[in-house]
Amino acid sequence: MSATREHIISLADNLIRQKGFNAFSYSDVAAVLNIRNAAIHYHFPVKSLLGQAVIYEELLRMEGYRYRNAGLCGDLQLRHLVETFYQNSQRGAVCLMGALTPEFATFDEDMQSMLQKLCVAIREWAADCLEEARASGQMQFAGEALDRAALLVSTLLSSLLLSRIEGQDLFRRMVDQMLEDLGAGWRTEDLQGIKN
């Protein structure tokens, strides 16, 4: 991947998380990178292709983490997921899924398909972690792990979004309540120092 392409994707990712996909333009990217719009169009003839590339990079990061940490117990992998959301809340940013899902209906089919892949991949990873944590006695919950994962992800998404409006304390309270409901032996105050 060319350096210019990488910079465009990285900046688009940041803009999506801060403003939303539909709220930024190629001109925003070009101004920051000090390039012409034509350079962006060379790599991404339509904005949907740029959005898909951003989602693809997020999927690669997540798959890389899963591969590198396959030996970690589910509880520790869930801590990483919660830590990622916690770090986003500290920066006043939302996660990519949280930034894109409200705009889903405005995307073309290809971008919708990529976003669906991201949502399913995150939910399935969370389900695998929850099931392993339950089997090892580190967490407890009723029902299917995939259903609980949907609740976990929705709590993380909503706590991140609401904390932008109501402050960090709401994020901590919501996530700590979720962790208590799961019987987790840790809370948000324990997240400091976790390494990616």
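These numbers were taken from a predicted model, which means no experiment stands behind them. (Residues numbered from 1 in each chain as written. Predicted model: local features only at pLDDT ≥ 70, side-chain atom pairs only at ≥ 80, totals over all residues. Heavy atoms only, no water.)

**Q** Can you break down helix α1 (residues 3-19) residue by residue, with the values?
**A** Given 3.6 residues per turn, any residue in an α-helix points the same way as the ones three and four places further on. The end-to-end C-alpha separation of α1 is 24 Å, in line with the 24 Å expected for 17 residues at 1.5 Å each. When α1 is considered as a whole, its buried residues turn out to be Ile8, Ile9, Leu11, Ala12, Asp13, Leu15, Ile16 and Arg17. Buried positions along α1 lie against α2 (26-33), α3 (37-43), α4 (47-68), α5 (74-91), α6 (96-100) and α8 (145-166). Just downstream of α1, Gly20 is the residue with a positive phi angle, here 105°. (Helix = DSSP H or I, 4+ residues; strand = E, 2+ residues; numbered from the N terminus. Expected span 1.5 Å × (residues − 1). Buried < 20%, exposed > 50% of the residue type's maximum accessible area, 1.4 Å probe, protein only. Contact = heavy atoms within 4.5 Å.)

**Q** Break down the confidence of the model for the chain for me, with residues and values.
**A** Note that predicted coordinates carrying low pLDDT should not be read in detail. Model confidence for the chain is summarised by a mean pLDDT of 94, while 97% of its residues fall at 70 or above. When mean pLDDT is compared element by element in the chain, helix α7 (residues 109-135) scores highest at 97, while α5 scores lowest at 92. (pLDDT = per-residue confidence, 0-100.)

**Q** Break down the pattern of salt bridges for me, with residues and values.
**A** This model, assessed by the stated rule, comprises 8 salt bridges. One salt bridge connects Asp128 with Arg66, and the closest N-O pair in it is separated by 2.9 Å. With Asp128 in helix α7 and Arg66 in helix α4, this pair connects stretches of sequence that are 62 residues apart. Residue class for Arg66 comes out partly exposed when judged on its relative accessible area of 28%. In this structure, Asp169 and Arg173 form a salt bridge, with 2.7 Å as the shortest nitrogen-oxygen distance. Residue Asp169 and its partner Arg173 are both found in helix α9 (residues 168-182); the two are separated by 4 residues, about one turn of the helix. Salt bridges sharing common partners tie together Asp13, Arg17, Glu58 and Arg61. (Salt bridge = Lys/Arg side-chain N within 4 Å of Asp/Glu carboxyl O.)

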